[in-house]
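One-letter residues, chain by chain:
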Amino acid sequence: MEKEILKNLEQVFTRIKKACYNSKRDPKEIKVLLATKTISAERIGIALHAGLTLIAENKVQELKEKHPLLVHIPHTNHFIGHLQSNKIKDLLKYDVSCLQSMDRLDLAQKLQKRLEYENKTMDVLIQVNTSGEQSKFGIAPSQAIELVTHLSKLDRLKVKGLMTIGLFTTDKEKVRLCFQRLRHLQQQLMNSNIPDIEMKELSMGMSGDLEIAIEEGATILRIGTAVFGKRALPDSYYWNETTA
Ligand SMILES: *Cc1c(COP(=O)(O)O)cnc(C)c1O
């Protein structure tokens, strides 16, 4: 099990290096986040011991179960799943430094309130639905500027950039269009001079499309399968749910 994870990690970093070389980017600009849904703490621990430092869950319940088992290994937690506002309080118990799935104002307002109460701040990425698929969470690109403008006034939330899930298709050019939309939106947001926000991070690219994401400017890749192997549960369990 350990050998396989180490071998997979090596392959992922080889792919990243190659894609960076092809697009004349510095691999140091790119962070690898491990998407750890359904993966045991033991297996996550192997990757952390191998030098990875950034992990993310999709469900607060899984974070709650694994966090105590991993807390002794230095790492950073992000959150990449759809977040119900009644789970905010729980989420804040587990050292999550960045919520990558911010996609609506009411969630932002409730998070701001709770962070005020606990005297904390949190980084957020705006999750954008760049594929137009009904089944995916994220704000429509046309509404993103308005949302970010509102968020910029919530002082406990530190907007750092954008996140998206590309279209699921073997048609690479369609995937590329999703990533290009995200990058275009980043440019628009930069040009709108909204105060008190940063737009540096583009979290896009997963196991199947990391090369395209790198070519289109990704700064955070979210990798699950390519490191841990195929998951037991279908992704629809995480992506189409109405309750978390
Ligand atoms: C599961 C997941 C990933 C990783 O997907 P893989 O194809 O296994 O690499 C990335 N982002 C999100 C939001 C996920 O839920």
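What counts, and at which threshold
- Residues numbered from 1 in each chain as written.
- Predicted model: local features only at pLDDT ≥ 70, side-chain atom pairs only at ≥ 80, totals over all residues.
- Heavy atoms only, no water.
- Buried < 20%, exposed > 50% of the residue type's maximum accessible area, 1.4 Å probe, protein only.
- Helix = DSSP H or I, 4+ residues; strand = E, 2+ residues; numbered from the N terminus.
- Arc of directions from axis to C-beta.
- 1 Å grid on protein atoms, 1.4 Å probe; cavity = no way out; pocket = protein on both sides within 12 Å on 5 of 7 lines; lining within 4 Å.
- Points joined across faces, edges and corners; volume = space filled by probe spheres on them.
- Nonpolar A, V, L, I, M, F, W, Y, C, P; charged D, E, K, R; others polar.
- Polar contact = N/O pair within 3.5 Å; in protein donor to acceptor, adjacent residues only side chain to side chain.
- Expected span 1.5 Å × (residues − 1).
- Contact = heavy atoms within 4.5 Å.
- Near = heavy atom within 4 Å.

> Which residues make up helix H6 (residues 141-151), and what values do they have?
Those residues of H6 that fall on the buried side of the exposure criterion are Ala 144, Leu 147, Val 148 and Leu 151. With its buried residues spanning 100° around the axis, H6 presents them on a single face. The exposed set on the far side of H6, more than 90 degrees from its buried face, consists of Ser 142 and Glu 146.

> Tell me about empty space enclosed by the protein, and name the residues and values.
Applying the stated criterion across every chain, the model contains 2 cavities of 30 Å³ or more. The space that makes up the second largest cavity amounts to roughly 50 Å³. The wall of the second largest cavity is formed by Thr 36, Ile 44, Ile 55, Glu 57, Leu 63, Lys 66, His 67, Leu 70, His 75 and Asn 77. Sorting the residues of the lining of the second largest cavity by element identifies strand E2 (54-57) and helix H3 (60-70) as the ones contributing at least two each. Residue contributions to the lining of the second largest cavity peak at 4 residues, all from H3. Its residues assigned to classes, the lining of the second largest cavity comprises 4 nonpolar, 4 polar and 2 charged.

> Please set out the environment of Asn 119 residue by residue, giving values where relevant.
One can find Asn 119 in the loop between helix H5 (105-118) and strand E5 (122-127). Owing to a relative accessible area of 61%, Asn 119 belongs among the exposed residues under this scheme. Linking Asn 119 and Glu 42, residues 77 residues apart in sequence, is a C-alpha distance of 33 Å. Engagement of the side chain of Asn 119 in a polar contact is seen with the side chain of Arg 156, the distance being 3.0 Å.

> Please give an account of helix H1 (residues 2-22) that cites residues and values.
With 21 residues, H1 should cover 30 Å at 1.5 Å per step; its first-to-last C-alpha distance of 30 Å lies within 8% of that length. Restricting attention to buried positions, one finds in H1 the residues Ile 5, Asn 8, Leu 9, Val 12, Ile 16, Ala 19 and Cys 20. Projected down its long axis, H1 carries its buried residues within an arc of 110°, all on one side. Projecting away from the buried face of H1 at angles above 90 degrees are the exposed residues Lys 3, Glu 10, Lys 17, Lys 18, Tyr 21 and Asn 22. In this fold, the buried residues of H1 make contact with strand E1 (31-35), helix H2 (41-49), helix H8 (210-215), strand E8 (220-223) and helix H9 (225-228). Lys 24 lies just past H1 and shows a positive phi near 55°.

> Residue-level account of the site of the ligand, with values.
By nearness alone, 13 residues border the ligand, and Lys 37, Asn 58, Ser 207, Thr 225 and Arg 231 come closest of all. Interatomic distance of 2.8 Å between a backbone N/O atom of Gly 224 and an oxygen atom of the ligand. A distance of 2.7 Å is found between an oxygen atom of the ligand and a side-chain nitrogen or oxygen belonging to Arg 231.

In short, the description is geometric, and any link to function would need to be established separately.
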